[in-house]
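# A closer look at the structure
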Amino acid sequence: MRAAAVVLFLLILLSGCSSPEETVSPPARLKLPPAPTEVHVDSDIDNLLNIAYGASVVHRTGEHHLEQSAVHAIDGIGTTAWFSPPGGASQTMLFSLPTESRIERLGVSVTADVARVPAEVKFEISADGELWREVLVMKPEPTAATQLEDILHSRATHLRVSTGGDPRHWAVLRSIHAVGHELSPVKPRTIAGCWTVNEMPSTFMQQGASVIGEFRGERGVIVDGGISGPVVRLMWMRGPLWGYAALTLAPDSRTLSALTFHEEMVVEYAGAAWFGERVEECEPSALASPAQRILDHARRWSMFGLAFDDHDRLVGEASRPALDTAAALIAAKPSSRFAIVVHEYRSAESEENRRHASVRADEIRTALTNLGVDLSRVEFEAAGSERNIAPVTLTIQRLLSSRADLELRE
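Described in the following lines is the structure provided in the data block. The structure displayed is predicted, hence computed values, not measured ones. (Residues numbered from 1 in each chain as written. Predicted model: local features only at pLDDT ≥ 70, side-chain atom pairs only at ≥ 80, totals over all residues. Heavy atoms only, no water.)

### Some points on the overall build of the protein
Here is the rule we go by: Segments assigned H or I by DSSP are reported as helices when at least four residues long, segments assigned E as strands when at least two residues long, and all are numbered from the N terminus. Residues are treated as being in contact if the distance between any of their heavy atoms lies within 4.5 Å. The method behind every accessible area is Shrake-Rupley, applied with a 1.4 Å probe, and residues are considered shielded solely by the protein chains displayed.
Along the backbone of the protein there are five helices and 20 strands. Relative to all contacts within the protein whose residues are 6 or more apart in sequence, the contacts with residues 24 or more apart total 70%. Surface summary for the protein: the accessible area is close to 17300 Å², and the carbon and sulfur share equals 52%.

The structure is reproduced here in structure tokens:
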């Protein structure tokens, strides 16, 4: 009887469509430790304008291409950058902060190549995204070091950054910095509904903390993931290609932007950005869960739809769709063996990470047992921070790497 209820619930998840008003309230922001100094130092850990904290690109006038976009100026990765179009050094980018914040310092990271340094960078702030006030015009030096300037404490929800320079040259910004502190909790956003993403008609569906979506077109993409505070963490797949993405929405949930990685969160694998605008209507789409396709191809399915509280306890209703999907994936391969591996990078101490991972693994085991899932073919591993293929030191890496994976081990 219980198994039948699980199957019925899964069918509802795969065929239904939640309303655009459905939201999940975000938990308090994760407090992350400083990164180790030997590999990819995290110079953006105090930067409010970081996609890992919920910052988003609302508008931009141009970039060289989508792998050198405005998203790459707020990804916290020092080796990526925004490049202006060739011969178009004067451009403007509009960002939303995760929530209303008091800004104390602004600045940029550029490059030592003088021909690629903007002649000036102008900063404007807004408390509503409509009325703007200029607060700083800086002339960056040609250096890779972060350059920050103090400003009078200013309340802001949005930041507009404009570059100027020799029209014969390109301009490059590795990172844009807004240092300060948040004044209010991050309000929940909703992604469910109709969108245009990178000019492709797109649809997202949200149930509890789980999110699935589809970008339709010649280079169509399927996505599967969940909401983690102000960020939607996703796995994506396009033909034989797959990877991860961190997606954020503006406070009004009318625009989105995302940073993608190919397969792993190695900084060299950072890929093209996604930019989207909500549309009122779209063609009906038989949106189906991509989980099985992702598991078969990548040999893992990251359960981003699991929601945990500050004590590592599962939030039942929000997590139920992801748990039901996991149950269906296990049942669909009765002769296969699986592992549920919990990764955790919240602490600089590996033992602390294992402790968090162990509690979460026990929570998942208990929840699946209560759903009647036969776990005789499923191993549980609290990996903590000890099973990664590359150093995890940056905020965006910690965000996407702290997760529970259902791995296929035939």
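Having put the structure on the table, let's press on.
### Description of the state of the cysteines
Under the convention used in this document: Cysteine sulfur pairs qualify as disulfides if the two atoms are within 2.5 Å. With a 1.4 Å probe rolled over the protein chains alone, any residue whose accessible area is under 20% of its type maximum counts as buried; one over 50% counts as exposed, and the rest are partly exposed.
If you walk through the whole model with that rule in mind, you get one disulfide. One disulfide bridge connects cysteine 194 with cysteine 282, the sulfur atoms lying 2.0 Å from each other. Handedness here is read from the sign of the S-S torsion; for cysteine 194 and cysteine 282, about -50°, the answer is left-handed. Taken together, the positions of cysteine 194 in strand 9 (residues 193-197) and cysteine 282 in the loop between strand 16 (270-278) and helix 2 (291-298) put the pair 88 residues apart, joining distant regions of the chain. By relative accessible area, which is 29% here, cysteine 282 ends up partly exposed.

### Considerations on the nonpolar core
The condition that has to hold: To qualify as a nonpolar core, a set must consist of buried Ala, Val, Leu, Ile, Met, Phe, Trp, Tyr and Cys residues joined through side-chain atoms within 4.5 Å.
Formed by 55 residues in total, the largest nonpolar core has its most connected members in Leu49, Phe95, Phe123, Ile176 and Ile396. Not counting the four nearest positions on each side in its chain, phenylalanine 95 is found in contact with Leu49, Ser56, Val57, Val58, Ala70, Ile74, Thr157, His158, Leu159, Val161 and Ile176.

### Structural notes on the sheet that holds strand 14 (residues 241-249)
Here is the rule: At least two DSSP bridges between two strands are needed for those strands to be called paired. Every axis in this analysis is a line fitted to C-alpha atoms, fitted for helices over the stretch in contact. Angles between the N-to-C directions lie between 0 and 180 degrees.
Strand order around the closed barrel formed by eight strands is 9-10-11-12-13-14-15-16, with antiparallel pairing between neighbours. Neighbouring strand axes in the sheet, compared pairwise and without regard to direction, differ in orientation by 30° on average. Both strand 11 (residues 210-215) and strand 12 (residues 221-228) contribute to a ladder of six bridges, which runs antiparallel. Its bridge partner being in strand 12, glycine 213 is matched across the sheet by valine 223. Along the sheet, helix 2 makes contact with strand 12, strand 13 (231-238) and strand 14, crossing strand 13 at roughly 65°.

### A few points about the pattern of salt bridges
Put simply, the test is: A carboxyl oxygen of Asp or Glu within 4 Å of a side-chain nitrogen of Lys or Arg is what we treat as a salt bridge.
Overall, the coordinates contain 22 salt bridges when judged by the stated rule. A salt bridge links glutamate 407 to arginine 387, with the shortest nitrogen-to-oxygen separation between them at 2.9 Å. In this pair, glutamate 407 is assigned in strand 20 (residues 403-408) and arginine 387 in the loop between strand 19 (378-384) and helix 5 (395-401), connecting sequence segments 20 residues apart. Of the residues examined, arginine 387 reaches a relative accessible area of 35% and is grouped as partly exposed. Among the charged side chains, a salt-bridge network with shared partners connects Glu379, Glu381, Arg387, Glu407 and Arg409.

### Some remarks on the environment of aspartate 113
Note on placement: aspartate 113 falls in the loop between strand 3 (92-109) and strand 4 (120-126). Once the C-alpha coordinates of aspartate 113 and alanine 144 are considered, the two residues, 31 residues apart in sequence, prove to be 9.0 Å apart.

### Focus: helix 2
Note: α-helices contain 3.6 residues per turn, so residues at a spacing of three or four share the same orientation. Rules: The directions considered for the arc are those from the helix axis to the C-beta atoms.
Looking only at helix 2, the buried set comprises Ala291, Ile294, Leu295 and Ala298. Considered in projection along helix 2, the buried side chains sweep an arc of 100° and stay on one side of the axis. Of the residues flanking the end of helix 2, it is arginine 299, one or two places downstream, whose phi is positive at about 70°.

### Structural notes on the sheet that holds strand 19
Strand order in the open sheet made by the four strands is 17-20-18-19, with mixed pairing throughout. Unpaired on one side and paired on the other, strand 17 (300-302) and strand 19 mark the two borders of the sheet. Strand after strand, the sheet turns through a mean of 20° between neighbouring axes, direction not considered. Note: strand 18 (residues 338-343) against strand 20, six bridges, orientation antiparallel. The residue bridging phenylalanine 338 from the neighbouring strand is leucine 408, located in strand 20. The sheet strands contacting helix 3 (residues 316-331) are strand 17, strand 18, strand 19 and strand 20, and the helix crosses strand 17 at an angle near 170°. Against the sheet, helix 4 (residues 350-370) touches strand 18, strand 19 and strand 20, its axis set at about 155° to strand 19.

### What about the pairing of strand 12?
Counting buried positions over the eight residues of strand 12 gives seven, a clear majority of the element. Hairpin connection of strand 11 to strand 12: five residues between the antiparallel strands, including glycine 217 at a positive phi of 160°. Note that strand 12 and strand 13 share seven bridges and pair antiparallel. Its bridge partner lying in strand 13, isoleucine 227 is registered against valine 232. Taking the residues between adjacent antiparallel strands as the criterion, strand 12 and strand 13 are bridged by two residues, where glycine 229 takes a positive phi near 60°.

### Brief notes about the packing of aromatic side chains
The following threshold applies: By convention, a stacked pair of Phe, Tyr or Trp rings (six-membered ring in the case of Trp) has centres within 6.5 Å and planes under 30 degrees apart, an edge-to-face pair has planes over 60 apart, and any other such pair is tilted. Definition used: whenever NZ (Lys) or CZ (Arg) falls within 6 Å of the ring centre and also within 35 degrees of the ring normal, the charge is taken to sit over that ring.
One pass over the structure, following the stated rule, counts six aromatic pairs. Measuring from centroid to centroid gives 6.2 Å for tryptophan 242 and tyrosine 244, while their planes differ by 65°, and the two rings are edge-to-face. Taking the relative accessible area as the measure of exposure, tyrosine 244 reaches 0% and is therefore buried. Directly above the aromatic system of phenylalanine 275 lies the positively charged group of arginine 60, at a separation of 3.7 Å from the ring centroid. We note arginine 365 situated over the ring of phenylalanine 380; from NZ or CZ to the ring centre the distance is 4.3 Å.

### Overview of unusual backbone geometry
You will see that glutamate 263, though not glycine, has its phi angle at about 70°, which is positive. Of note, glutamate 263 is situated in the loop between strand 15 (255-262) and strand 16. Since its relative accessible area comes to 39%, glutamate 263 is described here as partly exposed. A positive phi angle, close to 65°, is found at aspartate 312, a residue other than glycine. Tracing the sequence through the fold places aspartate 312 in the loop between strand 17 and helix 3. On the basis of relative accessibility, which here comes to 3%, the residue aspartate 312 falls in the buried class.

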